[in-house]
Amino acid sequence: MDQHPDLNTPQSQFFSPKVELNPSTLLAPVPVVLVSCCGLPGEGCDQANLITVAWAGTVNSEPPMVSVSIRPSRYSHTQISQSREFVINLVDEKLLQATDFCGVKSGRDLDKFSACKLSAVKASQMNHAPAVAQSPLTLSCQVEQILPLGSHDLFLARVAAVEVNPSLLDADNRLRLDKAGLVAYAHGNYYSLGKLLGFFGYSVARPQVLAKRMPPAKKKTAPKAKKGKSRST
Ligand SMILES: Cc1cc2nc3c(=O)[nH]c(=O)nc-3n(C[C@H](O)[C@H](O)[C@H](O)COP(=O)(O)O)c2cc1C
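Residues numbered from 1 in each chain as written. Predicted model: local features only at pLDDT ≥ 70, side-chain atom pairs only at ≥ 80, totals over all residues.

Overview of the overall build of the chain
Part 1: Looking only at helices and strands, the chain has four helices and twelve strands in total.
Part 2: Here the chain, with 233 residues, has 25% of them falling under the buried criterion.
Part 3: Across the chain, the fraction of contacts at a sequence separation of at least 24, relative to all contacts at a separation of at least 6, is 62%. (Helix = DSSP H or I, 4+ residues; strand = E, 2+ residues; numbered from the N terminus. Buried ≥ 20, exposed ≤ 12 C-beta atoms within 10 Å, placed from the backbone. Contact = placed C-beta atoms within 7 Å.)

Here you go:
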């Protein structure tokens, strides 16, 4: 197959060469989530806790599986290792301050639910880990494997249930996650998601589909001319 002519042109004709940095976890943006958990009764850490996690990911579709990476030193690590379950609570802008707080304080020292005025509620399919009532959408997760990677242990988990705030379902019961005001994390900073740029497959979508799914770009209106004498140039 013939190559597109652009592919034969050295990149340096279009872009300045990159500077190489030390290898690091600069994948961005990533989600930032509140993970709720609880240890087993009688094992010394059976109070509901929250940990902020940015190293979270989707790893499989069928069955639905996700992962979270947590340092062994975290209190929540002990709790999740005991109960082998946790809940991922998606974070919207209203939950962001609590999310940051839960990422700098340990459940060893305080009750983060009460410190952040968050409500721990029963999570579907979970025996120990609660969900955060204020989160727009929660994923109940059952741990299948714990993989020690070095600094962090990866908890590989099956999603056993998803619960959503009914306000995010439209009249046809379709999920409108775009209305949730979710937050992203990139290189130490939190961001709102900003404007819609496209959708899955938009690059090949028919014009009718594009017209339906993409809001028309706002036209720039020319500033109104001031009344009075116009200056000629
Ligand atoms: C934005 C942000 C992201 C974080 N991501 C992770 C993470 O992915 N894994 C982890 O082990 N700790 C992460 N932390 C740190 C923990 O949330 C933090 O150490 C917390 O206090 C642990 O609570 P715990 O001791 O109650 O488990 C993150 C902190 C912040 C602020």
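Topic: the confidence of the model for the chain
Part 1: Chain-level statistics for the chain give a pLDDT mean of 92 and a share of 88% at 70 or above.
Part 2: In the predicted structure, residues 228-233 sits below a pLDDT of 50 and forms zero contacts with residues beyond four places in sequence or in another chain. (pLDDT = per-residue confidence, 0-100.)

Some remarks on the sheet that holds strand β3 (residues 49-53)
Part 1: As summarised here, the arrangement of the seven strands in space is β3-β2-β6-β9-β10-β5-β4, forming an open sheet in which the pairing is antiparallel. Of all the strands in the sheet, just β3 and β4 (56-60) have a single pairing partner and so form its edges. Neighbour to neighbour, the strand axes of the sheet diverge by 35° on average, direction disregarded.
Part 2: Inspection of the sheet shows strand β2 (residues 33-37) paired to β3 by five bridges, in the antiparallel sense. Residue pairing across strands places C37 opposite N49, the latter belonging to β3.
Part 3: Across the face of the sheet, helix α1 (residues 75-83) comes into contact with β2, β3, β5 (65-70), β6 (85-89), β9 (137-148) and β10 (153-164) while running at roughly 55° to β2. (Pairing = 2+ DSSP bridges. Axes fitted to C-alpha atoms, helices over the stretch in contact; angles between N-to-C directions.)

Some points on the environment of H77
Part 1: Checked against the element boundaries, H77 lands in helix α1.
Part 2: Spatially, the C-alpha atoms of H77 and I51 are 9.2 Å apart, while their sequence positions differ by 26 residues.
Part 3: With residues up to four places along the chain from it excluded, the contact list for H77 reads I70, R71, P72 and D153.

Things to note about α1
Part 1: Within α1, the full set of buried residues consists of S76, T78, Q79, I80 and S83.
Part 2: Packed against the buried residues of α1 are β2, β3, β5, β6, β9 and β10.
Part 3: Looking at the residues trailing α1, positive phi occurs at R84, about 55°.

A few points about the sheet that holds strand β11 (residues 183-186)
Part 1: Reading across the sheet, the three strands line up as β1-β11-β12 and stay open at both edges, with antiparallel pairing between neighbours. The outermost strands of the open sheet, each flanked by one partner alone, are β1 (30-31) and β12 (189-192).
Part 2: The sheet contact formed by β11 and β12 spans four bridges and is antiparallel. What sits directly across from A186, in β12, is N189.

A short note on the environment of I146
Part 1: The topology assignment puts I146 in strand β9.
Part 2: Assessed through the 16 C-beta atoms surrounding it within 10 Å, I146 is described here as partly exposed.
Part 3: With ten residues separating them along the chain, I146 and L156 place their C-alpha atoms 6.2 Å apart.
Part 4: Leaving out residues up to four positions away in the same chain, I146 has contacts with S81, D153 and F155.

What about the site of the ligand?
Part 1: For the ligand, the set of nearby residues contains 22 residues, the closest of which are W55, S76, G103, S106 and G107.
Part 2: Breaking the shell around the ligand down by element, the ones donating at least two residues are β3, β5 and α1.
Part 3: The leading source of residues in the shell around the ligand is β3, at four residues.
Part 4: Here the residues of the shell around the ligand sort into nine nonpolar, eight polar and five charged. (Near = placed C-beta within 6 Å. Nonpolar A, V, L, I, M, F, W, Y, C, P; charged D, E, K, R; others polar.)

Describing the nonpolar core
Part 1: Ranked by size, the top nonpolar core spans 38 residues in total, and within it V33, L34, V35, F86 and V87 carry the most contacts.
Part 2: Broken down by element, this core gets its largest block of residues, four residues, from β2.
Part 3: Among all residues touching V33, those that are not within four sequence positions of it are V53, A56, I88, N89, L90 and V91. (Core = buried A, V, L, I, M, F, W, Y, C linked by C-beta atoms within 7 Å.)

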